[in-house]
Amino acid sequence: MKNFFMLLVFFSVAGSVSDALAVDWNWKGDVMYRYQIDNPETKDNNRDSHRLRVRIGGFPAISDVLSAGIELSTGGSNPVSRMQVLGEGFTAKSFKLNQAYIDFHPMAYGLDGHVDIIFGKRAVNESIIRVNDLLWDADLTMEGISLHYGKDGRKHPAGLSAVLGYYLIDESGDIENDPAFWVSQLAWNGKVDNNNFMIGAGFYNYLNIAGANVSGWAYKDKLFNNSGTGSGTPAATLKYDYDVLEIFMHFDAGLTGKVPLKVYGQCAINVAEDVDEENKAYLFGAKLGKATKPGRWEIDANYCYIEKDALLGAFTDGTRFGGGTDGKGFELGGKYLLVKNLMVSLKYYNHDQGVGSEEAGEGLDIWQADLVVKF
């Protein structure tokens, strides 16, 4: 409760300052209520839970060359979830810093604001080019420095988009041994007969990962199905390095000229030395409709396959096959905009844990029913 009152005071003071400085703060927030059913094949009983997510922040456009963002959210220490499980005797739920960044986009030297230099902690969709959640969970907020060309937050204008980023995973006081990674991405956004498309590639070069102890930065000190020693203890270490090459695309078209249709895909391979098997991953799917106005709907379906050491499992989708790698299966979801700013949705996951040739897959079914208000 103390954090909530501090948040209110912050917004009140910020609002007063914004009036004085004529800053457009761009307040944004959302509240999600979720009912989730987890049905593992190996257990007799389901797990039913009620969950809540709240995010609220200000994203000021300070000048022609400078903007920033500050956002607080619910959630605990899990980097791929901002959901708060309800219960615990009606205890108060805390807010934590979810985003805090500075975005400098100079107009001089012929740049005209097309290049953004970003410092701090920012949502993954705005930090890098992300088509879907094969590599990164949607709730993740990356920490480090980004250099963007032709990318404006989540928007990708026509033409070339490029991203170069350096992101810190853990800090031990010795930069030569700290886990981190470089990101480099190139994408082209164009049109074919008034249909938008994007195609691109990315390379993720991890540093100081092979042999790294996951204690302190991997949620619950787990390996998330990556090869290593241990499984959920402070002694757990990763066996391999991760140098991941990704190719991604999406194509937006119209079905009979009226209903929007989007097809998308990603494939990735870990090309690090000594990793020559169980190193591939892919995802492909389609979305029909677009729930942007009251009474409109959309349906999304995709299939995902991730081998054990294709990706660093700590930051992949936290719901799919219980989080991590070494799984396969499909998702089917639908959304409907009930009234302005109020979305209802239902999603079904059907996945198998374990895709190795000598492993028997364990099934996991998950249902999620969400009610979301954005403001």
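Every value quoted in this text rests on a predicted model; they were computed, and no experiment measured them.

Calculation notes
What you see as residue numbers is a count from 1 along each chain, following the sequence as written. Restriction of local features to residues with pLDDT of at least 70 applies here, the model being predicted, together with a cutoff of 80 or more for giving and counting side-chain atom pairs; totals for whole chains, interfaces and linings are based on all residues. The side-chain figures draw on all heavy atoms in the structure; neither hydrogens nor water molecules are used. Strands are runs of DSSP state E lasting at least 2 residues, helices are runs of H or I lasting at least 4, and numbering of each runs from the N terminus. Throughout, the radius of gyration refers to the C-alpha atoms, and the reference size of a globule is 2.2 Å times the residue count to the power 0.38. Any two residues having at least one pair of non-hydrogen atoms within 4.5 Å are treated as being in contact. Each accessible area value is a Shrake-Rupley result obtained with a 1.4 Å probe; residue values ignore everything except the protein chains displayed when judging cover. Classification of residues uses two cut-offs on accessible area relative to the type maximum, computed with a 1.4 Å probe and protein chains only: under 20% is buried, over 50% is exposed, and between them is partly exposed. Contacts described as polar in this section are N or O atom pairs within 3.5 Å, which, within protein, must combine one atom able to donate a hydrogen with one able to accept it, while residues neighboring in sequence count only if both atoms come from side chains. Computed over the protein atoms alone on a 1 Å grid, cavities are sets of points where a 1.4 Å probe fits but cannot get out and pockets are open sets with protein on both sides within 12 Å along at least five of seven lines; a residue lines them when it has an atom within 4 Å of a point. Grid points are joined across faces, edges and corners, and a volume is the space filled by probe spheres set on the points. Any two strands with at least two DSSP-identified bridges between them are counted as paired. Here the aromatic set is Phe, Tyr and Trp, taking the six-membered ring for Trp, and pairing holds for ring centres within 6.5 Å; pairs whose planes are under 30 degrees apart are stacked, those over 60 apart are edge-to-face, and all others are tilted. Both a distance and an angle decide whether a charge sits over a ring: NZ of Lys or CZ of Arg must be within 6 Å of the ring centre and within 35 degrees of the ring normal. Nonpolar residues are Ala, Val, Leu, Ile, Met, Phe, Trp, Tyr, Cys and Pro. Charged residues are Asp, Glu, Lys and Arg, and all others, Gly as well, are polar. Definition of nonpolar core: a set of buried residues of the types Ala, Val, Leu, Ile, Met, Phe, Trp, Tyr and Cys, connected through side-chain atoms within 4.5 Å. We count a salt bridge whenever a side-chain nitrogen from Lys or Arg sits within 4 Å of a carboxyl oxygen from Asp or Glu.

Enquirer: Sorry if this is basic, but what is going on with the overall build of the protein chain here?
Expert: When helices and strands are counted, the protein chain shows two helices and 19 strands. Expected size for 375 residues packed as a compact globule is a radius of gyration near 21 Å; at 21 Å, the protein chain falls within 12% of this value. With respect to the three principal axes, the spread of C-alpha positions in the protein chain is 65 × 55 × 45 Å. If you take every contact in the protein chain between residues at least 6 apart in sequence, the share linking residues at least 24 apart comes to 55%. Element-wise, carbon and sulfur atoms account for 58% of the exposed surface of the protein chain, whose accessible area totals about 19200 Å².

Enquirer: Just checking my understanding: could you explain the side chain of Asn 302 for this structure?
Expert: Among the structural elements, Asn 302 can be located in strand S16 (residues 297-306). Residue classification places Asn 302 among the buried positions, given a relative accessible area of 8%. A polar atom in the side chain of Asn 302 sits 3.5 Å from the side chain of Tyr 264. In this structure Asn 302 touches Tyr 264, Leu 283, Phe 284, Gly 285, Arg 320, Gly 329, Phe 330 and Glu 331, once residues within four positions along its chain are discounted.

Enquirer: So what exactly am I meant to see when it comes to the layout of surface pockets here?
Expert: Here the idea is plain: a probe the size of a water molecule rolls over the atoms and shows the empty space left. One number sums up the size of the second largest pocket: a volume of about 580 Å³. Secondary structure elements with two or more residues in the lining of the second largest pocket: strand S5 (96-104), strand S7 (141-149) and strand S8 (159-168).

Enquirer: Explain the pairing of strand S9 (residues 180-192) to me, please; I cannot follow it from the model alone.
Expert: Along any regular strand the residues' side chains alternate between the sheet's two faces. Relative to S9, S8 runs antiparallel, the two sharing ten bridges. Of the residues in S9, the one forming a bridge with Leu 164 is Ser 184. With 13 bridges connecting them, S9 and strand S10 (residues 195-207) associate as antiparallel partners. Within S10, the residue paired with Asn 189 across the bridge is Met 198.

Enquirer: So what exactly am I meant to see when it comes to the packing of aromatic side chains here?
Expert: Both the distance between ring centres and the angle between the ring planes are used here to describe each pair of aromatic rings. Within the structure shown, the criterion is met by 14 aromatic pairs. Judged by centre distance (5.5 Å) and plane angle (20°), the rings of Trp 136 and Phe 181 are stacked. With Trp 136 in the loop between helix H2 (124-127) and S7 and Phe 181 in strand S9, this pair connects stretches of sequence that are 45 residues apart. The class for Phe 181 is buried, based on a relative accessible area of 4%. With centroids separated by 5.2 Å and ring planes inclined at 15°, the aromatic side chains of Tyr 282 and Tyr 305 adopt a geometry described as stacked. Of the two residues, Tyr 282 is situated in strand S15 (residues 280-289) and Tyr 305 in strand S16; the sequence distance between them amounts to 23 residues. By relative accessible area, which is 18% here, Tyr 305 ends up buried. The ring of Phe 59 has Lys 28 lying over it, and the distance from NZ or CZ to the ring centre is 5.6 Å. Cation over ring: Arg 122 sits above Tyr 101, and NZ or CZ is 4.3 Å from the ring centre.

Enquirer: Help me out: how do you make sense of empty space enclosed by the protein in this one?
Expert: According to the stated counting rule, one finds two cavities of 30 Å³ or more in the structure shown. Estimates place the volume of the largest cavity at around 50 Å³. What lines the second largest cavity is Ile 118, Phe 119, Gly 120, Arg 122, Ser 127, Gly 144, Ile 145, Ser 146 and Tyr 167. Of all the elements in the fold, those that place two or more residues in the lining of the second largest cavity are strand S6 (115-123) and S7. With four residues, S6 is the largest single contributor of residues to the lining of the second largest cavity. Among the residues making up the lining of the second largest cavity, the classes are represented as four nonpolar, four polar and one charged.

Enquirer: Which parts of the structure should I look at to understand the nonpolar core?
Expert: Across soluble globular proteins, nonpolar side chains have a tendency to be buried as a group. Ile 128, Leu 134, Trp 136, Tyr 206, Trp 217, Leu 311 and Leu 312 are the most contacted members of the largest nonpolar core, which totals 45 residues. Every element with two or more residues in this core is listed here: S8, S9, S10, strand S13 (243-255), strand S14 (259-270), S15 and S16. Beyond its immediate stretch of four places on either side in the chain, Tyr 206 contacts Trp 136, Ile 169, Ala 180, Phe 181, Asp 241, Tyr 242, Asp 243, Val 244 and Leu 312.

Enquirer: Would you mind going over the environment of Leu 207 with me for this structure?
Expert: Secondary-structure assignment places Leu 207 in strand S10. You can call Leu 207 partly exposed: its relative accessible area is 27%. Along the chain, Leu 207 and Gly 228 lie 21 residues apart, while their C-alpha atoms are 16 Å from each other. Residue contacts for Leu 207: discarding those within four places in its chain leaves Tyr 166, Asp 178, Pro 179, Ala 180, Phe 181 and Trp 182.

Enquirer: Is there a simple way to explain the pattern of salt bridges in this structure?
Expert: A side chain with one charge can pair with a side chain of the opposite charge if their charged atoms come near. By the definition in use, this model includes 14 salt bridges. In this structure, Arg 122 and Asp 103 form a salt bridge, with 3.9 Å as the shortest nitrogen-oxygen distance. Residue Arg 122 is found in strand S6, and its partner Asp 103 is found in strand S5; the two are separated by 19 residues along the sequence. Here Arg 122 matches Asp 103 in class, with each residue buried. One salt bridge in this structure joins Glu 331 and Lys 347, with 3.8 Å as the shortest N-O distance. With Glu 331 in strand S17 (residues 327-339) and Lys 347 in strand S18 (residues 342-353), the pair connects residues that are 16 residues apart, well separated along the chain. Looking at Glu 331, the relative accessible area reads 4%, which means it is buried.

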